[in-house]
Amino acid sequence: MTAVTVTFGTKAETLERLAAHLTAGRVLPLLHFSVADWQRSPDALCGSVRAQPWGDGPLIVRSSAQGEDAADGSMAGRYASVPGVRMDKGFVDAVRTVIASYGDDRAKGMHRVLVQPMLTDVRLSGVAFTRDPASGAPYLVVNASRGADTTAVTGGAGADLITHYTHLSRTPSEPWLAALRRLCDELRALLGQDALDLEFAFADDDGTPILLQVRPLVMTVALLDVAEHARLVALVEHKVRLGNRPHPYLHGPRTVYGVMPDWNPAEIIGVRPRPLALSLYRELVTDSIWAYQRHNYGYRNLRSFPLMVSFNGLPYIDVRVSFNSFIPADIDGELADRLVAHYVDRLIAAPTLHDKVEFEIVFSCYTVDLPQRLARLGEAGFSADDRNRLAISLRCLTNRIIGRDTGLWRADAAKIKVLEQRRAAVLNADLDPLTRIYWLLEDCKRYGTLPFAGLARAGFIANQTLRSLVAIGVLSDEDVARFMAGIDTVSSRLAADAGRMPQDAFLERYGHLRPGTYDILSPRYDEAPDQYFTWATGDQVPPREPPRFALTLPQMRHINKLLAEHGLEHDVVGLFDFLEAAICGREHAKFVFTRSLSDALSILRVLGEEHGFTPDDMSYADTTVITELYTGSVDVRAALTSSIARGRAAYATTRAMLLPPLIADADVVWDFALPPTDPNFITQARATGQVSGTDSGDLSGAIVLIQSADPGYDWIFSRGIAGFITAYGGVNSHMAIRAAELGIPAVVGAGEALFARWSAAEVLEIDAGCRQVRVLR
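Residues numbered from 1 in each chain as written. Predicted model: local features only at pLDDT ≥ 70, side-chain atom pairs only at ≥ 80, totals over all residues. Heavy atoms only, no water.

Asks: Explain the pattern of salt bridges here, please?
Replies: Oppositely charged side chains may form a pair once their charged atoms are brought near each other. Applying the stated criterion to the full structure yields 36 salt bridges. Among the salt bridges present, the one from Arg524 reaches Asp599, with a minimum N-O distance of 3.0 Å. Note that Arg524 is positioned in the loop between α21 (503–510) and α22 (529–532) and Asp599 in helix α24 (residues 572–610), a separation of 75 residues in sequence. Taken as a pair, Arg524 and Asp599 share a single burial class, namely buried. Within this structure, Arg131, Arg181, Asp185, Arg188 and Asp194 form a network of salt bridges that share partners. (Salt bridge = Lys/Arg side-chain N within 4 Å of Asp/Glu carboxyl O. Helix = DSSP H or I, 4+ residues; strand = E, 2+ residues; numbered from the N terminus. Buried < 20%, exposed > 50% of the residue type's maximum accessible area, 1.4 Å probe, protein only.)

Next comes the structure, spelled out in structure tokens:
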């Protein structure tokens, strides 16, 4: 940093002091006065404004209070500003409005009022931070929107929000961002402050940024060293470059990394999971179990490929590996190469599809609209023979999975029953805690997550089948909604039982559920029941009567004809039996395997407490320590101490990392925008409500915002919510299905940018039918 040239004052004073020094930006002309001066001589001050060269044009009257932009608190948005007034139309009232917003503060007379010409022909405006405020990481963080109103950013109401991150060791690639970066660097030098919060604008006829406001960025964390942080990002860049090379055992020349495709870690464990949650998810699902299931069901053998990678603790799906695993086992060679390459290219071209790759990009099962959907491949250069070969293969694979009497999903449903028996045996045996934990997790893999993965595949085929019947016009969206609402799943029973069962009986059945399935810090229902439910008589929402679903005779005949024409080995009755059983089976399997996992986490928590560790401490341990302790004569406390220490150090790095949700090129780890998202709107209903988090005491009539679509949040459906929004999650996620069952409007997988914008609102309207969310206040 160079020597300090400018000191902070009020908003007006700071802008005035900077105006003479700036070379990388400019400050609009200004005039400011104290409240006391206005109260003494308003006419004289009006004359002073009118005498300015810009005084007869449109003006903005802005607050400039003492302490408004202080280092210990910005008071952002606390005081009024009034744009678009003129001296002869609204100016005096605007000044009075700004002064009134200062309230009855004893220092009110010292507060100032700032008057500037109203900026016109604005191309872009927004807010920039010279550090990430959450982590202290060295990024230029920019939120901008088209037009002049920076409240579109600060208030979360912008319709065209740009969110961009650039590491401070790099120069942004876009010219307007590079110009803004030069202004930020100059301000940091002039003000002697590394962490700044500034508002800016770009006019149509000028590439020079206009500084509207600057203040210290209030931080609650330490600023991270730029060079050391750059070293950590460089490790990610190197790993991405290595992963984008051809691999002799994989089809497709390159990959993409994403937080939401396939097994969707962003939804299940979050984008920054603690080491215990991350290692559990790897062990139970993404290291090998996922690939065993796919191969068992007739897809390519990827058993030695982990599905999920970790970039300094941030979990990403290796999309090339995922797309390889959706290729039927009998499709090989050149066709498989071209299919995977096409799938990857399509995701890169349409990144908003990253949470719905199986619905919109990959062809992984046969449905009655598949021939029409395969036309997309024809447009991409695949021949009729290519498409026919893929269709035949998918038909054979699908029949093996969903077959009436011998469908593969039936064996997986039977395995889930075995897990319930083995769990009881482990808990009832005379075993030490470590042995219990080890076998609960081992059984959870073999008899829990493995069959669950199969049943989830069957559930996906069921949902895709319903979508296909809508696509060709046999069913309507309303038909599907009624069918889903009438399915008796674990989730629908939970909501009903919360309103009619005694507390003890309810917790005996559902108490193992926790909002964060893999998170030891997430309390189970039976560990904190009052956090999730109210138990007084009449407080629970009565169960909804599901609408009646019935096929008409013409629909039944049409579906039977389609099944025969397409070679699917079901009649209409058998097909709908499968659809219901598959959707129920998926939910039941998750309910059962999470019981074993939840028990293991609870025992691990107690084990940690017995050796002097809090649950927070234990969240930094790695699951490998469980195997180490079970298989060796190791000091428990020493092993846990070592594992926790390594995890804490690793997680400090994780917290400092900022990466885009989709990484298609190694360079984007340094300079990226959060992509626009195409959210999943559930149902066609509409609801308006106060915005609330899950920690609010009264959720009745609220629009609830949840980071992920984890099924442990089922309890919110007993609180009479109006609707909900999640940052992460897909159209086939548990919460999406649950919303469809109950007819509750929801937005699942809104993405980080939209979720942040809507979280800042007070009142939202969800219009799922029109696929819109409106900020009402």
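There's more to say after this.
Asks: What should I look at first to understand the sheet that holds strand β12 (residues 308–311) in this one?
Replies: Sheets are built from strands that pair by backbone hydrogen bonding, the pairs being arranged parallel or antiparallel. Ordered in space as β12-β13-β11-β14, the 4 strands form an open sheet in which the pairing is antiparallel. What marks the edges here is a single partner per strand, and that holds for β12 and β14 (662–663). Helix-sheet contacts for helix α9 (residues 275–286) involve β12 and β13 (314–318), and the interaxial angle to β12 is about 160 degrees. (Pairing = 2+ DSSP bridges. Contact = heavy atoms within 4.5 Å. Axes fitted to C-alpha atoms, helices over the stretch in contact; angles between N-to-C directions.)

Asks: Which parts of the structure should I look at to understand the packing of helix α23 (residues 553–566) against α24?
Replies: In a pair of packed helices, the angle between the axes and the distance between the axes together describe the arrangement. As a packed pair, α23 and α24 sit with axes 9 Å apart at the nearest point and diverge in direction by 90 degrees. With respect to each other, α23 and α24 are oriented roughly perpendicular. Residues Met556, Ile559, Asn560 and Leu563 of α23 form the contact with α24, whose own contacting residues are Val572, Val573, Leu575 and Phe576. The residue inventory of the contact of α23 with α24, partitioned by class, reads 7 nonpolar, 1 polar and no charged. (Parallel < 35°, antiparallel > 145°, perpendicular 65-115°, else oblique. Nonpolar A, V, L, I, M, F, W, Y, C, P; charged D, E, K, R; others polar.)

Asks: Just to check I follow, could you spell out the environment of Phe717 for this structure?
Replies: Looking at the secondary structure, you find Phe717 in the loop between β18 (703–706) and β19 (723–726). Leaving out residues up to four positions away in the same chain, Phe717 has contacts with Phe724, Met735, Arg738, Leu742 and Ile744.

Asks: Can you walk me through the pairing of strand β6 (residues 122–129) in this structure?
Replies: Note on strand geometry: in a regular strand, side chains alternate between the two faces of the sheet. Here β6 lies mainly inside the structure; 7 of its 8 residues are buried. Pairing between β6 and strand β9 (residues 196–203): 7 bridges, direction antiparallel. Looking at β9, one finds that Phe129 is bridged to Asp197. Of the strand pairs in this sheet, β6 and strand β7 (residues 139–146) are connected by 6 bridges, and their pairing is antiparallel. Paired with Leu124 across the two strands is Arg146, which belongs to β7.

Asks: Would you explain the packing of aromatic side chains in this entry?
Replies: The geometry of two aromatic rings is summed up by the distance between their centres and the angle between their planes. For the coordinates displayed, the defined rule picks out 27 aromatic pairs. For the ring pair Phe33 and Trp38, a centre distance of 5.7 Å and an interplane angle of 20 degrees mean the geometry is stacked. By the burial criterion, Phe33 is buried, and Trp38 matches it. Plain terms: the ring middles of Phe359 and Phe460 are 5.0 Å apart, the flat faces sit at 55 degrees to each other, and that makes the pair tilted. Note that Phe359 is positioned in helix α13 (residues 357–360) and Phe460 in helix α18 (residues 433–471), a separation of 101 residues in sequence. You can call Phe460 buried: its relative accessible area is 3%. What links up through ring pairs into an aromatic cluster is the set Phe33, Trp38 and Phe91. The residue whose ring lies beneath Arg170 is Trp670, and the NZ or CZ to ring-centre distance is 3.7 Å. The lysine or arginine in question, Arg303, covers the ring of Tyr292, its NZ or CZ lying 4.0 Å from the ring centre. (Phe/Tyr/Trp six-rings, centres within 6.5 Å; stacked < 30°, edge-to-face > 60°. Lys NZ or Arg CZ within 6 Å of the ring centre and 35° of its normal.)

Asks: Would you take a moment to explain α24 for this structure?
Replies: Because each turn of an α-helix spans 3.6 residues, side chains separated by three or four positions in sequence point in the same direction. The first and last C-alpha atoms of α24 sit 57 Å apart over 39 residues, in line with the 57 Å expected at 1.5 Å per residue. Taken across its 39 residues, α24 has 30 buried, putting it largely inside the fold. Positive phi appears at Gly612, one or two residues downstream of α24, with a value of about 90 degrees. (Expected span 1.5 Å × (residues − 1).)

Asks: Can you help me understand the environment of Asn680 in this one?
Replies: Note on placement: Asn680 falls in strand β16 (residues 680–682). In this structure Asn680 comes out as buried when scored by relative accessible area, which is 5%. Along the backbone, Asn680 and Ala750 are 70 residues apart, and their C-alpha atoms lie at a distance of 7.1 Å.

Asks: Sorry if this is basic, but what is going on with unusual backbone geometry here?
Replies: Phi is mostly negative for residues that are not glycine, and the peptide bonds are mostly trans. Of note, Asp262 is a non-glycine position whose phi angle comes to about 55 degrees, a positive value. Examined against the element boundaries, Asp262 turns out to sit in the loop between β11 (257–258) and α8 (265–268).

Asks: Which parts of the structure should I look at to understand the confidence of the model for the protein chain?
Replies: Low pLDDT means the predicted coordinates in that region are not meant to be read closely. Of the residues in the protein chain, 92% have a pLDDT of 70 or more, and the chain-wide mean is 89. Within the protein chain, the lowest mean pLDDT, 46, falls on helix α5 (residues 151–154), and the highest, 98, falls on helix α11 (residues 319–325). Predicted confidence for residues 151–159 stays below pLDDT 50, and this span has 22 contacts to residues more than four positions away or in other chains. (pLDDT = per-residue confidence, 0-100.)

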